[in-house]
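Listed here are the chains, written in short residue letters.
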Amino acid sequence: MVQKLDTLTETPSQTAGPYVHIGCIPSFAGVEGVYPEDLGLRAVEQGAKGETITITGSVHDGTGWTLRDAMLESWQADAVGLYPGQDGADPKVNGFCRFAADKDSGEFTLQTIKPGAVPGPDGTWQAPHIALWIVARGINTGLQTRIYFEDEDNSADPLLARIEQRPRVETLIAKKTGDGQYRFDIRLQGDGETVFLDI
Amino acid sequence: MPKWMPRMTDARLIPRDRSAHPVPRDPDYKTSVARSPNLPLLSMPSTLTEETGPVFGHGLIGALDNNLILNFSQGAAPAIGERILLHGRVMDENARPVPNTLVEIWQANAGGRYRHVKDTYFAPLDPNFGGCGRTLTDENGQYQFLTIRPGAYPWPNRGNDWRPMHVHYSIFGQGFGQRLITQCYFEGDPLIDRCPIVATIKDRSQIDRLVAPLDMARAKPMDFLAYKFDIVLRGRRQTMFENRPEGM
Ligand SMILES: [Fe+3]
């Protein structure tokens, strides 16, 4: 026998199931009047500094089918790379947003500002990115990934540098489709499978 | 001045022990088969992105938000069902309380029916039950909800699968990397051991941690029973000193 550690083990995850919207975005699910409004409706408030951007996309399963029931959350820094709560961060940037795939088309939309670069480990800088967390029925532990931008310099990003199969880097890079418009599709499995993170 | 200065830090998140979590793909939970990645996750130490996260203030929380018996009717009429207090503590892996963190729950009504367009089970809706609640933990990491015990319900998976009575939980923690969604089950429910979603967790002792015991010490005579559901989120590495270039 050995001494006992006094650390605890994390509570296991369980799938968010098909009705996650009731708990997290009840108005979206048609459960009105419990809260004044759903949590995390806006990543930024009017007047946030930086380039206003819209990211649209969808989440596909291993057969290519588009999920209609996914819920996503995003977390990001402000235009100069400060996270909410850090000294000097833009008070108009909430940083956090919740959004769902459309019930009919499966398309999601994130309206926000382009974040700045943020410090990484060991004096490195991480290219501008938005952290994403995806939950749905059939996803047993929420999937973490990131959105980077094709019109930024991603060459020195420490996370992207870790991806051995270089073509897979592309799965984390939003494609510019117009002025302030980006496309970011997520593939849970198979051809073009998105790089998911264990951070 | 020395070039390297020791800096007090405990920011890095403890890497997630994936063996304590469900397997991503389990043929007995059919939907997981096409929705789970084929390729390994990319592992990396946490960064500021995962170590920071949204903070919610007490201004967010309404008086009835953690009372699912009354919050849908806004106090006008109580929901039908077995009245229970669901309470517990949110801690991290270092056994430290996680204060002021948002806990959200959702559940079926006493008959096992969700208030959701996609739920077509013929158990009736309760006109006074919405099925969502939220609260912030106090300075000791404690939280509580007053609700009704949800009913078990059938679901399309294998020929005759039923979900045990359960309450879905969403917890934020203090960094986006601590984000967790799980489910709370109830002591004594024979459906727990037959549920393919529960069985995606392969470690029996980890399943047991999702089963809330009856807690008569917190039950209120002639009013409600109580169940206790404690939650542990990822902790931060307790390295006391780390060498960093000065000014970083
Ligand atoms: Fe459920």
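Here we summarise the structure given alongside this text.

Scoring rules and cut-offs
Residues numbered from 1 in each chain as written. Chains lettered and ligands numbered in written order. Predicted model: local features only at pLDDT ≥ 70, side-chain atom pairs only at ≥ 80, totals over all residues. Heavy atoms only, no water. Donors = N, O, S within 2.8 Å, 3.2 Å for Na, K, Ca; no water. Tetrahedral: all angles 85-135°; square planar, octahedral: opposite > 155°, others 65-115°. Helix = DSSP H or I, 4+ residues; strand = E, 2+ residues; numbered from the N terminus. Buried < 20%, exposed > 50% of the residue type's maximum accessible area, 1.4 Å probe, protein only. 1 Å grid on protein atoms, 1.4 Å probe; cavity = no way out; pocket = protein on both sides within 12 Å on 5 of 7 lines; lining within 4 Å. Points joined across faces, edges and corners; volume = space filled by probe spheres on them. Nonpolar A, V, L, I, M, F, W, Y, C, P; charged D, E, K, R; others polar. Polar contact = N/O pair within 3.5 Å; in protein donor to acceptor, adjacent residues only side chain to side chain. Contact = heavy atoms within 4.5 Å. Salt bridge = Lys/Arg side-chain N within 4 Å of Asp/Glu carboxyl O. Phe/Tyr/Trp six-rings, centres within 6.5 Å; stacked < 30°, edge-to-face > 60°. Lys, Arg positive; Asp, Glu negative; His and termini not counted. Pairing = 2+ DSSP bridges.

**A word on the coordination of the iron ion**
Six octahedral donors around a metal ideally sit at 90 or 180 degrees from one another, while four tetrahedral donors ideally sit at 109.5 degrees. Residues and elements named next belong to chain B. For the iron ion, the protein coordination sphere consists of Tyr114 (OH), Tyr153 (OH), His166 (NE2) and His168 (NE2), at 2.0 to 2.2 Å. Relative to the metal, the four donor atoms surrounding the iron ion lie at angles of 89 to 163°, and the coordination shape comes out irregular. Donor residues for the iron ion, ordered by position in the chain, follow Y-x38-Y-x12-H-x1-H. Taken together, the residues tyrosine 153 in strand E7 (residues 153-155) and histidine 168 in strand E9 (residues 166-171) connect sequence positions 15 residues apart. Both residues of the pair, tyrosine 153 and histidine 168, count as buried.

**As for empty space enclosed by the protein**
For the coordinates displayed, the defined rule picks out three cavities of 30 Å³ or more. Forming the walls of the largest cavity are Ala131, Leu132, Gln144, Thr145 and Leu197 of chain A together with Glu50 and Phe176 of chain B. Taken together, the elements giving at least two residues each to the lining of the largest cavity come down to strand E7 (130-135) and strand E8 (143-149) of chain A. Residues of the lining of the largest cavity, tallied by class, amount to four nonpolar, two polar and one charged.

**Examining the side chain of histidine 21 of chain B**
Inspection of the secondary structure assignment puts histidine 21 of chain B in the loop between strand E1 (4-8) and helix H1 (31-34). Looking at histidine 21 of chain B, the relative accessible area reads 4%, which means it is buried. Polar side-chain contacts of histidine 21 of chain B include one of 2.8 Å to the side chain of glutamate 10 of chain A. For histidine 21 of chain B, the residues in contact, after removing those within four places along its chain, are Glu10, Thr11, Pro12, Ser13 and Thr141 of chain A together with Arg16, Leu180 and Thr200 of chain B.

**Topic: the layout of surface pockets**
Quantified by volume, the largest pocket comes out at close to 500 Å³. Along the walls of the largest pocket sit 24 residues, with Pro18, Tyr19 and Arg137 of chain A together with Trp155 and Pro156 of chain B positioned nearest its centre. Sorting elements by how many residues they give to the lining of the largest pocket places E7 of chain B first, with three residues. Residue composition of the lining of the largest pocket, grouped by class: 12 nonpolar, five polar and seven charged.

**A word on the interface of chain A and chain B**
Across the contact, 73 residues belong to chain A and 79 residues belong to chain B. Connecting chain A to chain B are six salt bridges. With its nearest N and O atoms 2.8 Å apart, the salt bridge here joins glutamate 50 of chain B to arginine 146 of chain A. Inspection of the region where chain A meets chain B yields 45 residue pairs in polar contact (both at pLDDT 80 or more). Listed by contribution, the elements that provide at least two residues to the side of chain A that touches chain B are helix H1 (20-24), strand E2 (71-75), strand E3 (96-100), strand E5 (118-119), E7, E8, helix H2 (158-161) and strand E12 (197-198) of chain A.

**Quick notes on the packing of aromatic side chains**
Residues and elements named next belong to chain B. Inspection of the entire model under this criterion finds 14 aromatic pairs over all chains. With a centroid separation of 5.3 Å and an interplanar angle of 80°, the aromatic rings of tyrosine 114 and tyrosine 153 are classed as edge-to-face. Of this pair, tyrosine 114 sits in the loop between strand E4 (102-106) and strand E5 (132-136) while tyrosine 153 sits in strand E7, and the two are 39 residues apart along the sequence. Note on accessibility: tyrosine 114 and tyrosine 153 belong to one class, buried.

**Remarks on the pattern of salt bridges**
Scanning all chains against the criterion turns up 29 salt bridges over all chains. For the salt bridge of aspartate 208 of chain B with arginine 204 of chain B, the shortest nitrogen-to-oxygen distance reads 3.1 Å. Pair noted here: aspartate 208 of chain B and arginine 204 of chain B are both in helix H3 (residues 204-208), with a separation of four residues, about one helical turn. On the accessibility criterion, arginine 204 of chain B (43% relative accessible area) is partly exposed. A salt bridge links lysine 228 of chain B to aspartate 230 of chain B, with the shortest nitrogen-to-oxygen separation between them at 2.7 Å. The class for lysine 228 of chain B is partly exposed, based on a relative accessible area of 31%. Assessed through its relative accessible area of 29%, aspartate 230 of chain B is described here as partly exposed. One network of salt bridges, in which partners are shared, links Glu51, Lys114, Asp151, Glu152 and Lys176 of chain A.

**Some remarks on the side chain of arginine 168 of chain A**
Considering the arrangement of structural elements, one finds arginine 168 of chain A in the loop between H2 and strand E9 (173-178). With no salt bridge to any partner, buried arginine 168 of chain A finds its closest opposite charge in glutamate 193 of chain A, at an N-O distance of 4.2 Å. Among the polar contacts made by the side chain of arginine 168 of chain A, one reaches the main-chain carbonyl oxygen of threonine 194 of chain A at a distance of 3.3 Å. Beyond its immediate chain neighbours, meaning those up to four positions away, arginine 168 of chain A contacts Ile163, Glu193, Thr194 and Val195 of chain A together with Leu39 of chain B.

**Focus on the pairing of strand E10 (residues 180-186) of chain B**
Residue and element names in this part refer to chain B. E10 sits mainly inside the fold: seven of its seven residues count as buried. The two faces of E10 match: Leu180, Thr182, Cys184 and Phe186 on one face and Ile181, Gln183 and Tyr185 on the other face are all buried. One ladder, built from six bridges, connects E9 with E10; its direction is antiparallel. When the sheet's bridge partners are listed, histidine 168 is paired in E10 with glutamine 183. Pairing of E10 with strand E11 (residues 211-212) involves two bridges; the strand directions are parallel. Directly across from phenylalanine 186, in E11, lies its bridge partner alanine 212.

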